[in-house]
Amino acid sequence: MRPGASLMERFDGWFIKPIEKLKEMPEGDGGFLALSAALFLCERYYRALTDTLNGKRDDEKFKIAAAKDLGLSLEDFNCFWIVYRNGVQHQGTPKKYIDKKNQIKYFFHIDDEFSGIPEIHKINSYKREIRLNVWKFADLIINKFKTNEAVFRKAVSRTFPEVK
């Protein structure tokens, strides 16, 4: 990164270009790393949108905004977040989740044919798949940063170091 690069140039160099390079890997092998970046960018975006960047760890405000913006119920978004975000960020891969209250098992299903917005697909009364195209999801989240300058500035202004 060149010294004096703008915030958007840093965002482009540190996130957009690396994700684009991961897309070049054969058979989608860069998908989990791209998904990891997209998930932390997703949280950062919605925390900036809801002014909860410095909120407490279990703050639900950003999840409510994300669910609404993505057209999901809060319950569906929370299941997506547990399976994908918590799995990828803590274990390096999405995880299985059992909703003990409703006795429903949630699994991940990643495919190029799916949408960039998580879809809860009912297999039967006790099993659900959370379907996602990781590349479309990454593009969706990156586009949110690129098209909402006010949220972008809140999300990165104090956290993007300047290269000297």
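Presented here is an overview of the structure given in this document. Fair warning: this is a prediction, and the values are worked out from it, not measured in the lab.

## A few points about the packing of helix α1 (residues 7-23) against helix α2 (residues 31-49)
At their nearest, the axes of α1 and α2 sit 9 Å apart, and the two run at 145° to each other. In the crossing of α1 with α2, the sense of the turn from one axis to the other is left-handed. Here Phe11, Phe15, Ile19 and Leu22 of α1 lie close against α2, whose contacting residues are Leu33, Ala34, Ala37, Phe40 and Leu41. Of the residues that constitute the contact of α1 with α2, the class distribution is nine nonpolar, no polar and no charged.

## Some points on the pattern of salt bridges
Considering all chains together, one arrives at eleven salt bridges under this definition. Among the ionic pairs, Lys21 bridges to Glu24, the shortest N-O distance being 3.4 Å. Like Lys21, the residue Glu24 is exposed in the burial classification. One salt bridge in this structure joins Glu43 and Arg47, with 2.9 Å as the shortest N-O distance. Residue Glu43 and its partner Arg47 are both found in helix α2; the two are separated by four residues, about one turn of the helix. Comparing Glu43 with Arg47, the two get one shared label, buried. Three or more residues are tied together by salt bridges with common partners; here these are Glu20, Lys23 and Asp139.

## A short note on the nonpolar core
Formed by 45 residues in total, the largest nonpolar core has its most connected members in Phe11, Phe80 and Phe137. Those elements giving two or more residues to this core turn out to be α1, α2, α3 (61-70), α4 (74-91), β2 (104-110), β4 (127-132), α5 (134-147) and α6 (149-156). Contact partners of Phe137, with chain neighbours within four places excluded, come to Leu35, Ala38, Leu39, Cys42, Phe80, Gly116 and Leu132.

## Some details on unusual backbone geometry
For Glu27, which is not a glycine, the phi torsion comes out positive at approximately 60°. Summarising the element assignment, Glu27 is placed in the loop between α1 and α2. Positive phi values are uncommon outside glycine, yet Asp51 reaches one of about 55°. The topology assignment puts Asp51 in the loop between α2 and α3.

Analysis parameters
Residues numbered from 1 in each chain as written. Predicted model: local features only at pLDDT ≥ 70, side-chain atom pairs only at ≥ 80, totals over all residues. Heavy atoms only, no water. Axes fitted to C-alpha atoms, helices over the stretch in contact; angles between N-to-C directions. Helix = DSSP H or I, 4+ residues; strand = E, 2+ residues; numbered from the N terminus. Left-handed = near helix turned anticlockwise from the far one by under 90°. Contact = heavy atoms within 4.5 Å. Nonpolar A, V, L, I, M, F, W, Y, C, P; charged D, E, K, R; others polar. Salt bridge = Lys/Arg side-chain N within 4 Å of Asp/Glu carboxyl O. Buried < 20%, exposed > 50% of the residue type's maximum accessible area, 1.4 Å probe, protein only. Core = buried A, V, L, I, M, F, W, Y, C linked by side-chain atoms within 4.5 Å.

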